[in-house]
There are 2 protein chains.
Amino acid sequence: MSSGTHSTPDTPAGNVAADPADPATLVDRLRAGLPAEAVLTDPDITASYANDMASFCEAGTPAVVVLPRTVEQVQHVMRTATELRVPVVPQGARTGLSGAANASDGCVVLSLVKMDRIIEISPVDRIAVVEPGVVNATLSRAVGEHGLYYPPDPSSWETCTIGGNIGTASGGLCCVKYGVTAEYVLGLDVVLADGRLMSTGRRTAKGVAGYDLTRLFVGSEGSLGIVVRAILALKPQPPQQLVLAAEFGSAAEACDAVCRIMEGGHVPSLLELMDRTTIRAVNALAQMGLPETTEALLLAAFDTPDPAADLAAVGALCEAAGATQVVPAEDAAESELLLQARRLSLTALEGVKGTTMIDDVCVPRSRLGDMLEGVERIAEKYSLTIGVCAHAGDGNTHPTVCFDAADPDESRRARESFDEIMALGLELGGTITGEHGVGVLKKEWLARELGPVGVEMQRAVKAAFDPHHLLNPGKLF
Amino acid sequence: MSSGTHSTPDTPAGNVAADPADPATLVDRLRAGLPAEAVLTDPDITASYANDMASFCEAGTPAVVVLPRTVEQVQHVMRTATELRVPVVPQGARTGLSGAANASDGCVVLSLVKMDRIIEISPVDRIAVVEPGVVNATLSRAVGEHGLYYPPDPSSWETCTIGGNIGTASGGLCCVKYGVTAEYVLGLDVVLADGRLMSTGRRTAKGVAGYDLTRLFVGSEGSLGIVVRAILALKPQPPQQLVLAAEFGSAAEACDAVCRIMEGGHVPSLLELMDRTTIRAVNALAQMGLPETTEALLLAAFDTPDPAADLAAVGALCEAAGATQVVPAEDAAESELLLQARRLSLTALEGVKGTTMIDDVCVPRSRLGDMLEGVERIAEKYSLTIGVCAHAGDGNTHPTVCFDAADPDESRRARESFDEIMALGLELGGTITGEHGVGVLKKEWLARELGPVGVEMQRAVKAAFDPHHLLNPGKLF
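Residues numbered from 1 in each chain as written. Chains lettered and ligands numbered in written order. Predicted model: local features only at pLDDT ≥ 70, side-chain atom pairs only at ≥ 80, totals over all residues. Heavy atoms only, no water.

Remarks on helix α3 (residues 71-84) of chain B
Residue and element names in this part refer to chain B. With 14 residues, α3 extends 20 Å between its outermost C-alpha atoms, agreeing within 8% with the 20 Å of an ideal straight helix rising 1.5 Å per residue. Among the 14 residues of α3, ten are classified as buried, and the element is accordingly described as predominantly covered. By the burial criterion, the buried members of α3 are Gln73, Val74, Gln75, His76, Val77, Met78, Thr80, Ala81, Thr82 and Leu84. Where α3 terminates, the next one or two residues include arginine 85, which has phi positive at roughly 55°. (Helix = DSSP H or I, 4+ residues; strand = E, 2+ residues; numbered from the N terminus. Expected span 1.5 Å × (residues − 1). Buried < 20%, exposed > 50% of the residue type's maximum accessible area, 1.4 Å probe, protein only.)

Quick word on the sheet that holds strand β17 (residues 385-391) of chain B
Residues and elements named next belong to chain B. Spatial ordering of the open sheet is given by β15-β12-β14-β13-β17-β18-β16, a layout of seven strands whose pairing is antiparallel. With partners counted over all chains shown, the strands left at the sheet margins are β15 (325-328) and β16 (355-358), one partner each. Taking the axes of each pair of neighbouring strands and ignoring which way they run, one obtains an average angle of 15° across the sheet. Against the sheet, helix α8 (residues 251-263) makes contact with β12 (242-248), β13 (270-275) and β14 (296-302), and its axis sits at roughly 20° relative to β14, the strand it touches most. Contacts between helix α11 (residues 332-343) and the sheet are confined to β12, β13, β14, β15 and β17, with β12 contributing the most and set at about 45° to the helix. (Pairing = 2+ DSSP bridges. Axes fitted to C-alpha atoms, helices over the stretch in contact; angles between N-to-C directions. Contact = heavy atoms within 4.5 Å.)

Some points on the interface of chain B and chain A
In many reports, interface size means the accessible area that the parts give up when they come together. With 75 residues of chain B in contact, the opposing surface of chain A contributes 75 residues. Carbon and sulfur atoms make up 62% of the surface buried where chain B meets chain A, a total of about 6,000 Å² over both sides. Looking at the side of chain B facing chain A, the largest losses of area belong to B:Lys206, B:Val208 and B:Tyr211, adding up to 16% of the total buried there. Taken together, chain B and chain A are joined by eight salt bridges. Between A:Lys206 and B:Glu435 there is a salt bridge; the shortest N-O distance is 2.8 Å. Applying the counting rule to chain B against chain A returns 26 residue pairs in polar contact (both at pLDDT 80 or more). Looking at the side of chain B that touches chain A, the elements with two or more residues in it are β9 (197-201), α7 (213-217), α8 and α15 (443-465) of chain B. If you tally residues by element for the side of chain B that touches chain A, the top one is α15(B), at 13 residues. Tallied by class, residues from the side of chain B that touches chain A come to 38 nonpolar, 22 polar and 15 charged. (Buried area = accessible area lost by both parts, 1.4 Å probe. Salt bridge = Lys/Arg side-chain N within 4 Å of Asp/Glu carboxyl O. Polar contact = N/O pair within 3.5 Å; in protein donor to acceptor, adjacent residues only side chain to side chain. Nonpolar A, V, L, I, M, F, W, Y, C, P; charged D, E, K, R; others polar.)

Thoughts on the domain arrangement of chain A
Residues and elements named next belong to chain A. By domain assignment, chain A separates into domain 1 (118-236) and domain 2 (242-427). One C-alpha centre belongs to domain 1, the other to domain 2, and the line joining them spans 28 Å. Counting from both sides, the interface comprises seven residues of domain 1 and, opposite them, 13 residues of domain 2. Ranking the residues of domain 1 by area buried against domain 2 places Leu173, Val176 and Lys177 at the top, with a combined share of 77%. The interface formed by domain 1 and domain 2 includes one salt bridge. With its nearest N and O atoms 2.6 Å apart, the salt bridge here joins lysine 177 to aspartate 303. Our enumeration of links across domain 1 and domain 2 arrives at three residue pairs in polar contact (both at pLDDT 80 or more). Across the side of domain 1 that touches domain 2, the residue classes break down as five nonpolar, one polar and one charged. (Domains from an automatic or database assignment.)

Here's the deal with the pairing of β13(B)
The two faces of a sheet get side chains in turn, since along a regular strand they alternate between them. Residue and element names in this part refer to chain B. Of all six residues in β13, six are buried, a share of seventy percent or more. The alternating pattern of β13 places Leu270, Glu272 and Met274 and Leu271, Leu273 and Asp275 on opposite faces, both of which are buried. Where β13 and β14 come together, six bridges link them in antiparallel fashion. What sits directly across from methionine 274, in β14, is leucine 297. Pairing between β13 and β17: two bridges, direction antiparallel. In the sheet register, methionine 274 faces β17, and the bridge partner there is cysteine 389.

A closer look at the relation of the copies chain B and chain A
Superposing chain B onto chain A takes a rotation of 180° combined with a translation of 0.0 Å along the rotation axis, leaving an RMSD of 0.0 Å. Look at the turn and shift together and you get a two-fold axis relating the two. The fraction of interface residues of chain B whose copies in chain A are also interface residues reaches 100%, indicating that both copies meet through the same surface. (Least-squares fit on C-alpha atoms with pLDDT ≥ 70 in both.)

Some words on the pattern of salt bridges
Enumeration over the complete set of coordinates arrives at 58 salt bridges over all chains. With a closest N to O distance of 2.7 Å, A:Glu158 and A:Arg141 form a salt bridge. Of this pair, A:Glu158 sits in the loop between β7 (148-149) and α5 (162-168) while A:Arg141 sits in helix α4 (residues 136-144), and the two are 17 residues apart along the sequence. Residue class for A:Glu158 comes out partly exposed when judged on its relative accessible area of 43%. In the salt-bridge network here, residues are joined through shared partners; they are A:Glu183, A:Asp212, A:Arg215, B:Glu183, B:Asp212 and B:Arg215.

Quick look at the sheet that holds strand β9 (residues 197-201) of chain A
All names here are of chain A. If you walk across this open sheet you meet the five strands as β5-β6-β10-β8-β9, and the pairing is antiparallel. Each having just a single partner strand, β5 (118-122) and β9 make up the two edges of the open sheet. For this sheet, the mean angle separating the axes of adjacent strands, direction not counted, is 10°. With four bridges joining them, β5 and strand β6 (residues 127-130) adopt antiparallel strand pairing. Each bridged residue has a counterpart across the sheet, and for isoleucine 118 the counterpart in β6 is valine 130.

Concerning the packing of aromatic side chains
Going through the model one piece at a time under the given rule, you end up with eight aromatic pairs over all chains. With centroids separated by 6.1 Å and ring planes inclined at 75°, the aromatic side chains of A:Tyr150 and A:Tyr184 adopt a geometry described as edge-to-face. Highlighted residues: A:Tyr150 in the loop between β7 and α5 and A:Tyr184 in the loop between α6 (175-178) and β8 (185-191), separated in sequence by 34 residues. Taken individually, A:Tyr150 and A:Tyr184 each receive the classification buried, so the pair is uniform in this respect. Centroid distance B:Phe217 to B:Phe465: 5.5 Å. Interplanar angle 80°. Geometry classified as edge-to-face. In this pair, B:Phe217 sits in helix α7 while B:Phe465 sits in helix α15, placing the two residues 248 residues apart along the sequence. No difference in accessibility class separates B:Phe217 from B:Phe465, as the two residues are buried. (Phe/Tyr/Trp six-rings, centres within 6.5 Å; stacked < 30°, edge-to-face > 60°.)

Have a look at this one:
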């Protein structure tokens, strides 16, 4: 293996370069194959492309931002970057939470947001063919008009792009029933580091021709190639879901209810948990009237033909686990009202101290109770407010560390607690990231999760696709 | 990229070897780390491990067959093979249909069938942890006792192993609703070519830590590493399915019905099609009393809470598409009876001429009608009997070429028609293999489907994991 060749990810100057010292050369070469308005060099503007939505992540200063509209233009950008040995950082809407879209110094920021066409929607084949800049909500609504459903629904769905969703393998609220982005990517067109175009996968329901490079690209955070077109699988639109809220006197009881529901063979379309800290933050923000005595709130939904029957069964399991109150919605409007509290959770927690750092640890759902207990212990240890909301049915927790970024000591404690939460997740047989990705934020932790052999093989795969280490360098590992 | 390094896949002598000329050295070295009964050298016995169930595929003579029972023993085999530069062909139950498990001359056949323990079944986490030699049906029954369901159901499910299913990314009848093996593999332990152990993936419902090497291994036909343990996702056991049979006066009408059913948003648990040739072969074999005037038979099933209602809706769509008769089963026994004909299809087609060659072309389901029409044209052109049964809901067809292997001219025509069917599949936007894999049988066609850039990148991935080209050489590309 060639593990010795990965040591200069952040410094383009470390590579064999044609003439990288002169940014003018780079910009001139890019302009030769791009329309004038697609090449941005004004530092005030390019600086605004420096980072995504993660806190605590280093970000460099891009040399130039390009906004191609065609596959050929992307190929031109990559050919130029490879010739000049300049790193390229691909970006979507920059709603990511791990710094995976952060610029590195002197890089080309390759924003795909202008490639935003929905090329095809086929109700018979149940597929959509899209460019990477299509916004998740735009696609969801467009397929909805054909009675179809694109499930992945990250909370940024109104602004995030499909390309970004593919890069980070996004999840969302519906994953407990419908899975994550990876399950919906059938085929990709990818511009490789050297500018060549590669097609992977298929537009058929099944296909096993060769290695599954399509799924290798999903979640690769732009480090293996530039996705310029995607064939996505769609589902038929399910019936409107009906929601139940259950209040518990302890987080342990709520987690017990989650286990009973899943062990009982139920398939909820949503199974979310909010802890005491989150409930209080939401109450403070929006006066939702959630009882202050409630220590945990569980939200379950079903989009089955008879959701009321499913809610009754799940409500009984919640009561058996100790729920103090069970409130099933009777219609869509009531359901929406119950979900409001969950939707406001992150905003509410941001209000606590001004800044948050959102962990994304996923544990086997049988260990969810241990996870919540451990986070409470960590919050106490560091004298911090850490609220947990969780995609409980998946065991995917979002412990959200609230802190004042202007307070250096609190910031340090925030980062330490954030790391300790990841350590706890690994200890419980979980992963450091269920859906947000690694980016810059969790690089060191990825190595811990994968171990030395795993990291070496991941680097070997990276080297196979990107021998000069130009694609989103410094991310993942 | 290193495309120049792939030229000696079949000849271990072409590599830098320690002492490969002497098979005694190899066997002695293997015996040093394996129990006596795990190393087979009797040529009469080792010859029986030469091939899987594919026709027309070259197979070499193994030097030795090993049957390890532990991970450490597999590591010993791979360390030895790498030191001596001897190729290794991993095998499960050898029920594959593309020659992917065929031996190459002088290789070590590494049979995983003795590693057959089910290590864990967790109803709360909905996972099973298994060794690769566990038989699919054994696992299915074991999880069934916990109210759980492992969906992938290749027709060899009573004998094929989970390791083989992972190697070939197996499908089955239930894929139209439940997807293929890839959807159910969460994590793997893999022994690499040099004997090191790598863990990939997770035991959690979600996880995006680094590149998805787990799915890269699924369908890699033993060419990247040896799977020694798998964490599999399970579903809750669905209600018993109810089946409907619909008879059509033409294949085109049956295909139209498939499109109407899928476009209508239905989610059948099975949607199978048999063409006229297949129906007649089944009638000849088993006197099932299928009307000889029927040109196509469609079988649809639902495992929903109210399957009779779903069958009624789908029956109406079949009638609208021109079905001459629609027969919904009223219970499980009647359903089983209707499925008998489908289950007998391949056996019946084998009876036509003694030998069959089973294609596995998957097309977008909107092109299913064109596919069936094209196969009929090809059968006429080559004066051959070609029966088609299809996982119609997936567009996955199994055109089955019937021929007399003792007749050289007919055999030649059989192979030519087999290839022409793959060409047709690609022309219709499909893939050469929906679920059977590439192996030896479809190597040339894989290159056509992937194109030169795709093949080069696949080879680069192969080289990253297997720099000496020892793992199942000569397969895929």
